[in-house]
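So you can see what is in the structure, the chains are spelled out below.
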Amino acid sequence: MGLMGLIGLIGPIGLMGCSGDSGEVEEPLPIALSGTMQGQQQVTRSGDGTPLETITNTFTVFGYKDTGASPYYQEVFPGYRVLWRENTATYGLDWEYVNQQLPGATEQTVKYWDYGAAAYRFMAVTGTNVDRTVDTSGPALKLTFSANAETLAGEDATPYYSHLWYRAINSPDIGKTVKLEFVKPFSKVRFIFTFDNPDDAAITELSSKQFRSTDGNTIKQRGEVIVTYPLMGTEAREALSVSGDAGGLVAFTQDYYSEVSPAEGPVTSPYYGADRAAIGKWYTVLPTPAGQGTFTLDVSVNGEPKTTTVPANYMTWLPGYSYTYIFKVSADGGVVIDDVQSAFTEWENHEADRTIYNW
């Protein structure tokens, strides 16, 4: 499921009593929880995607309402544990939080929408090794955890976090299903070679490949992630900061290619001397939401060293996205950056027999 993300859904299922001439009082409207994976629909916030329960059967939700007066924010969901309960959850949804607390923890009770509030905010996270703090000077909720893409086990153990869901109380979304979109704090990167003249591939050898940070910084695959959610104002996005551990990749050294099998013909290599055992190479890395400097590609074309540079504005890697850098080899053996592509990707837990090279 490639570069990729999640969604927690928080919404109401319940009945409103009639109000009007009869004098009946409206019944409080409960908040119910559900979840799906973030997919490519994230840009439209439609909520379509792979069900969250295919990845995990639990997440932790936090919720705050803006009171409209000092202290302006009030905790509603203080880190409630939510479990997948197919066809048995309260109010008809499949994610249950009522009485799903761990043994010895405070009882988790049903929560209701408060139409006297000014706004609501929701956020959530999977996994258990997450540090949660509230910065009162912000104010902001901060979720801190380790991310590790050096191994498949580390990748799978890294939590998903949700985007901030913020709505003013007069929003038509209040009282409806709240869609919290989750994402893995990783990006995926690959680089590809093409040829100005496709016939040159069979007679062109590419070797000594290095796609690296021009300033010599390493490419981080492991470190600490801090997600900051504002608890006041109208800001509707969280902020992500990443601190990479020591070490990291000096460069990306294996380009991406797949086996080419022309109709009615044999399988061919993408260029002369390509390592057929290394097809499908993606790199999983920590995102660079604050941007980074230029990257340089070094490659020998038929033994002749060539270099080209990718501008810094193409080197910002966001979580949940994949990035493809395409370099074109010209007829005279020169190499230029031809295209940069980005796309949404969905994360999945890896099966035991899968390798890091195949997604």
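From a predicted model like this one, the values you see are computed outputs, not experimental measurements.

## Examining the sheet that holds strand β15 (residues 239-244)
Thought 1: Reading across from one edge, β7-β8-β14-β15 is the order of the four strands in this open sheet, with antiparallel pairing throughout. Edge strands, defined here as strands with exactly one partner in the open sheet, are β7 (131-135) and β15. Taking each pair of neighbouring strands and ignoring which way they run, the sheet shows an average axis angle of 20 degrees.
Thought 2: Where β7 lies against strand β8 (residues 140-148), five bridges are found, and the strand directions are antiparallel. By the bridge assignment for β8, Val-134 is matched with Leu-141.

## Some details on the nonpolar core
Thought 1: Residues Trp-113 and Phe-122 are the most contacted members of the largest nonpolar core, which totals 47 residues.
Thought 2: Elements supplying a minimum of two residues to this core: β3 (58-66), β4 (73-84), β6 (119-125), β8, β10 (165-168), β11 (178-183) and β14 (222-230).
Thought 3: Among the elements that line this core, the one with the most residues is β6, at six residues.
Thought 4: By size, the runner-up hydrophobic cluster in this structure holds 29 residues, among which are Ala-201, Ala-274, Val-329 and Val-335.

## Points about the environment of Ala-312
Thought 1: Mapped onto the secondary structure, Ala-312 falls in the loop between β18 (304-310) and β19 (321-329).
Thought 2: In this structure, the C-alpha to C-alpha distance between Ala-312 and Gly-291, residues 21 residues apart in sequence, is 7.5 Å.
Thought 3: With near-sequence residues (within four places) excluded, Ala-312 lies in contact with Gln-292, Gly-293 and Thr-294.

## Side note on the packing of aromatic side chains
Thought 1: Throughout the structure, instances matching the rule amount to 26 aromatic pairs.
Thought 2: An angle of 75 degrees between the planes, with centres 5.4 Å apart, marks the rings of Phe-211 and Phe-327 as edge-to-face. Of this pair, Phe-211 sits in strand β13 (residues 206-213) while Phe-327 sits in strand β19, and the two are 116 residues apart along the sequence. Like Phe-327, Phe-211 is buried.
Thought 3: An aromatic cluster is built from Phe-191, Phe-193, Phe-211, Phe-252, Tyr-283, Phe-295, Trp-317, Tyr-325 and Phe-327, whose rings are joined through pairwise contacts.
Thought 4: In this arrangement the basic side chain of Lys-184 is found over the ring face of Tyr-160, its NZ or CZ atom lying 4.2 Å from the centre.
Thought 5: When the ring centre of Tyr-256 is taken as reference, the NZ or CZ atom of Arg-190 above it lies at 4.3 Å.

## What to know about the side chain of Thr-158
Thought 1: Mapping Thr-158 onto the fold places it in the loop between α1 (152-157) and β9 (161-162).
Thought 2: For Thr-158, a relative accessible area of 3% puts it in the buried group.
Thought 3: Aside from chain neighbours lying at most four places away, what touches Thr-158 is Phe-145, Ser-146, Ala-147, Asn-148, Lys-184, Pro-185 and Phe-186.

## Quick look at the sheet that holds strand β20 (residues 335-344)
Thought 1: Taken in spatial order, the four strands make up an open sheet running β16-β12-β19-β20, and their pairing is mixed. Strand pairing shows two members of the sheet lacking a second neighbour, β16 (283-285) and β20, which therefore form its edges. This sheet shows a mean twist of 25 degrees between the axes of neighbouring strands, independent of strand direction.
Thought 2: Bridge count for strand β12 (residues 187-195) against β16 is three bridges, and the pairing is antiparallel. Each residue of the ladder has a partner; that of Ser-187, found in β16, is Val-285.

## Some details on the environment of Met-315
Thought 1: Note that Met-315 resides in the loop between β18 and β19.
Thought 2: On the basis of relative accessibility, which here comes to 0%, the residue Met-315 falls in the buried class.
Thought 3: Once residues within four sequence positions are removed from consideration, Met-315 is found in contact with Phe-211, Thr-288, Gln-292, Gly-293, Phe-295, Val-310 and Tyr-325.

## Brief notes about unusual backbone geometry
Thought 1: For the bond running from Gly-138 to Pro-139, omega is -15 degrees, close enough to zero to count as cis.
Thought 2: Checked against the element boundaries, Pro-139 lands in the loop between β7 and β8.
Thought 3: Unusually for a residue other than glycine, Asn-99 sits at a positive phi of about 60 degrees.
Thought 4: On the secondary structure map, Asn-99 appears in the loop between β5 (95-96) and β6.
Thought 5: Residue Ser-208 is not a glycine yet carries a positive backbone phi of 50 degrees.
Thought 6: According to the relative accessible area criterion, Ser-208 is exposed, its value standing at 56%.

Reading guide: rules and limits
Residues numbered from 1 in each chain as written. Predicted model: local features only at pLDDT ≥ 70, side-chain atom pairs only at ≥ 80, totals over all residues. Heavy atoms only, no water. Pairing = 2+ DSSP bridges. Helix = DSSP H or I, 4+ residues; strand = E, 2+ residues; numbered from the N terminus. Axes fitted to C-alpha atoms, helices over the stretch in contact; angles between N-to-C directions. Core = buried A, V, L, I, M, F, W, Y, C linked by side-chain atoms within 4.5 Å. Buried < 20%, exposed > 50% of the residue type's maximum accessible area, 1.4 Å probe, protein only. Contact = heavy atoms within 4.5 Å. Phe/Tyr/Trp six-rings, centres within 6.5 Å; stacked < 30°, edge-to-face > 60°. Lys NZ or Arg CZ within 6 Å of the ring centre and 35° of its normal.

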